[in-house]
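A structural walkthrough
Read off the chains here:
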Amino acid sequence: MDLVKREISNTLFFQLKTVEEILETVEGLDAPADEAEVSLADAPGRVLARDLISPEALPGFARSSMDGFAVRARDTFGATESLPALLEIAGDVAMGTDARCRIGPGQAARIATGGMLPEGADAVVMVEYAQVLDDRTVELSRAVSPLENVIGPEDDVRKGDTVLAAGTRLRPRELGVLAGLGVERVSVLRVPVVAVVSTGDEIVPVDRKPRPGQVRDINGHTLCAFCTRLGAEALGLGIVPDRFDRLRERLVEGLDRADSVWISGGSSVGTRDLTVQVLESIDGMEILAHGVSISPGKPTILARRHRSTVWGLPGHAASALVVAEVLLGPFLRRIGGERPGTLPPYGAVEAELGRNIESAPGRDDFIRVRLIGKDGRLVADPLFGKSGLISPLARADGLVRVGRFTEGLYQGERVTVRLFVA
């Protein structure tokens, strides 16, 4: 009997998809092709639909990167504190206007940071190395090279360059580039829509007092918030009891109204099988994964129909959010049109593990950790707890991955902490 159980267990294990296999599948999914033109004010967080070709050069003119004096570099050669160069002050460069003075041999002009370099000048001596002797003479105690402390007309952006590639998510820094180039409107991809469904006879709305055996709907709210944070539009479709016809009806509604449907629930085998039965009853639905070698989150399901995707997520709140952090984040970025290989919106830090972590081979364990500063070191303190508990996740700062080919990690070991989506 034990041998039969082991054989069945091994068979199920080899049917599980690895995290890498799921992410590879995600990269092969289609992104929405619809695009729209939006104003710069409405562009934050959107994804570029087309390459942005620079219509002009930046800054477009030679400008000073320091406060000081615009000079011909050759006139400063050999200048030192003991043997300074004496130059005639030919004028001042006013900010925001053409440089009206011209720099000839032995001359200099006052200039502020960002000022336009006057004709004839090819360098700037910092004000710290300049001593004004009178209204007409400045003493320079340091030599400069040609183009020193100068930003050239095309040093920032050249006209005709691809400055932002299609698939780039527009953050404040990219918006600065657009503003600098005078781009008032930009073509972006449509924001993907995700329908979120919570299942279970025991789930009640958050405004209702649970009776014995009931719990409030946590996943519906956390998953909608996760979508919104990553630039998707969340469509909450409420709570559905564990009934085939009701779940199928809500799934069809989600497929009609959204690019993806997330069904949370199914921690038990029976409920998980119900989700699969509903999926199999939809014409054209293909189940891509029925279980992932990840803990928590093993009972995750991934299916596809045409351009729409369905995720079946565990009912336990912590499990659902870990799956969201590890798998659904990359998924949202993919269907949102972001280029493969770009950095995620969250980051990672190196830390020292605060305690030993045990792990079972054959699965990837994602351990919740809290980051603590201790004696100048960053320590990742594991927060152990059952997958049905939400409070340890709320106290955590990120996840430490224990690979499926290892049996654990040791206290003091350097680990990479994957930070949660903020």
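Refer to the structure above for everything that follows.
For the structure given in this document, a descriptive report is provided here. As the structure is a prediction and not an experimental result, all values here were calculated from the model.

Calculation notes
- Residues numbered from 1 in each chain as written.
- Predicted model: local features only at pLDDT ≥ 70, side-chain atom pairs only at ≥ 80, totals over all residues.
- Heavy atoms only, no water.
- Pairing = 2+ DSSP bridges.
- Helix = DSSP H or I, 4+ residues; strand = E, 2+ residues; numbered from the N terminus.
- Axes fitted to C-alpha atoms, helices over the stretch in contact; angles between N-to-C directions.
- Core = buried A, V, L, I, M, F, W, Y, C linked by side-chain atoms within 4.5 Å.
- Buried < 20%, exposed > 50% of the residue type's maximum accessible area, 1.4 Å probe, protein only.
- Contact = heavy atoms within 4.5 Å.
- Parallel < 35°, antiparallel > 145°, perpendicular 65-115°, else oblique.
- Left-handed = near helix turned anticlockwise from the far one by under 90°.
- Disulfide = S-S within 2.5 Å.
- Salt bridge = Lys/Arg side-chain N within 4 Å of Asp/Glu carboxyl O.
- Phe/Tyr/Trp six-rings, centres within 6.5 Å; stacked < 30°, edge-to-face > 60°.
- 1 Å grid on protein atoms, 1.4 Å probe; cavity = no way out; pocket = protein on both sides within 12 Å on 5 of 7 lines; lining within 4 Å.
- Points joined across faces, edges and corners; volume = space filled by probe spheres on them.
- Nonpolar A, V, L, I, M, F, W, Y, C, P; charged D, E, K, R; others polar.

What to know about the sheet that holds strand β8 (residues 130–134)
Taken together, 6 strands build an open sheet; the order of strands is β7-β4-β6-β5-β9-β8 and the sheet is mixed. Where the open sheet ends on each side, the last strands, each with one partner, are β7 (123–126) and β8. Put simply, the sheet's adjacent strands are angled 40° from each other on average, direction ignored. Strand direction decides the pairing type here: β8 and strand β9 (residues 137–140), joined by 4 bridges, are antiparallel.

What to know about the nonpolar core
Core analysis: the largest hydrophobic core is formed by 37 residues, its most contacted members being F226, W262, W311, V326, F331 and L332. Breaking this core down by element, the ones donating at least two residues are α2 (19–27), β13 (193–199), α4 (219–229), β18 (286–290), β21 (308–313) and α7 (317–335). The element best represented in this core is α7, accounting for 10 residues. Judged by nonpolar contacts, the second largest core, of 21 residues, contains V197, I282, I301 and A303.

Some thoughts on the sheet that holds β18
If you trace the 6 strands from one edge of the open sheet to the other, you get β16-β13-β17-β21-β20-β18, paired in mixed fashion. A single partner strand is all that each edge strand has here, and the edge strands are β16 (233–240) and β18. Ignoring strand direction, the axes of neighbouring strands in this sheet form an average angle of 15°. As paired elements, β13 and β16 share 6 bridges and run parallel to each other. Bridging from a neighbouring strand, V196 pairs with G236 of β16. α4 contacts β13, β16, β17 (260–264) and β21 of the sheet and is inclined by roughly 165° relative to β13.

Description of the packing of α4 against α7
Following both chains from N to C, one finds α4 and α7 inclined at 25°, their axes separated by 11 Å at the closest point. By the angle class used here, α4 and α7 are roughly parallel. Where α4 crosses over α7, the handedness of that crossing is right-handed. For the pair α4 and α7, the contacting residues are N219, T222, L223, F226 and C227 in the first and A317, A320, L321, A324, E325, L328, G329 and L332 in the second.

Quick notes on unusual backbone geometry
Trans peptide bonds make up the majority, and among non-glycine residues the majority have a negative phi. Of note, the bond from L58 into P59 is cis; its omega dihedral lies within 30 degrees of zero at 0°. Tracing the sequence through the fold places P59 in the loop between β2 (52–53) and β3 (63–64). S295 connects to P296 through a cis peptide bond whose omega is -5°. Relative to the helices and strands, P296 is located in the loop between β19 (294–295) and β20 (301–305). If you check the backbone angles, L147 has positive phi at about 75° while not being a glycine.

Looking at the state of the cysteines
Using the criterion set out here, one finds 0 disulfides in the structure. The closest cysteine sulfur to the non-disulfide-bonded C227 is located on C224, 6.3 Å from its own sulfur.

Details of the environment of D375
Along the chain, D375 falls in the loop between β24 (364–374) and β25 (377–382). A residue is classified by how much of its surface remains accessible, and D375, at 73% relative accessible area, is exposed. Separated by 183 residues in the primary sequence, D375 and P192 have C-alpha atoms spaced 45 Å apart.

Some remarks on the pattern of salt bridges
According to the stated counting rule, one finds 26 salt bridges in the structure shown. For R190, the salt bridge is made with D259, and the minimal N-O distance between the two is 2.9 Å. Residue R190 is located in the loop between β12 (185–189) and β13, and its partner D259 is located in the loop between α5 (244–257) and β17; the two are separated by 69 residues in the primary sequence. Note that R404 is salt-bridged to D364, the shortest N-O span being 3.1 Å. You can see R404 sitting in the loop between β26 (398–402) and β27 (408–409) and its partner D364 sitting in strand β24, a full 40 residues away along the chain. Both residues of the pair, R404 and D364, belong to the buried class. What emerges from the salt-bridge pattern is a single network uniting E20, D364, R401 and R404.

Notes on the packing of aromatic side chains
The relative placement of two aromatic rings is captured by the distance of their centres and the angle of their planes. Scanning the entire structure with this criterion turns up 1 aromatic pair. Ring geometry for W311 against F331: centres 5.5 Å apart, planes inclined by 70°, an arrangement best described as edge-to-face. In this pair, W311 sits in strand β21 while F331 sits in helix α7, placing the two residues 20 residues apart along the sequence. Residue W311 is classed as buried on the basis of its relative accessible area, which comes to 0%.

Quick notes on empty space enclosed by the protein
Where empty space is left becomes clear once a probe the size of a water molecule has been rolled over the atoms. Per the counting criterion, the structure on display carries 1 cavity of 30 Å³ or more. Approximately 50 Å³ is the volume found for the largest cavity. Looking at the largest cavity, the residues that line it are G45, R46, V47, R169, L189, R190, V191, P192, G231 and G336. Looking at the lining of the largest cavity residue by residue, the classes come out as 4 nonpolar, 3 polar and 3 charged.

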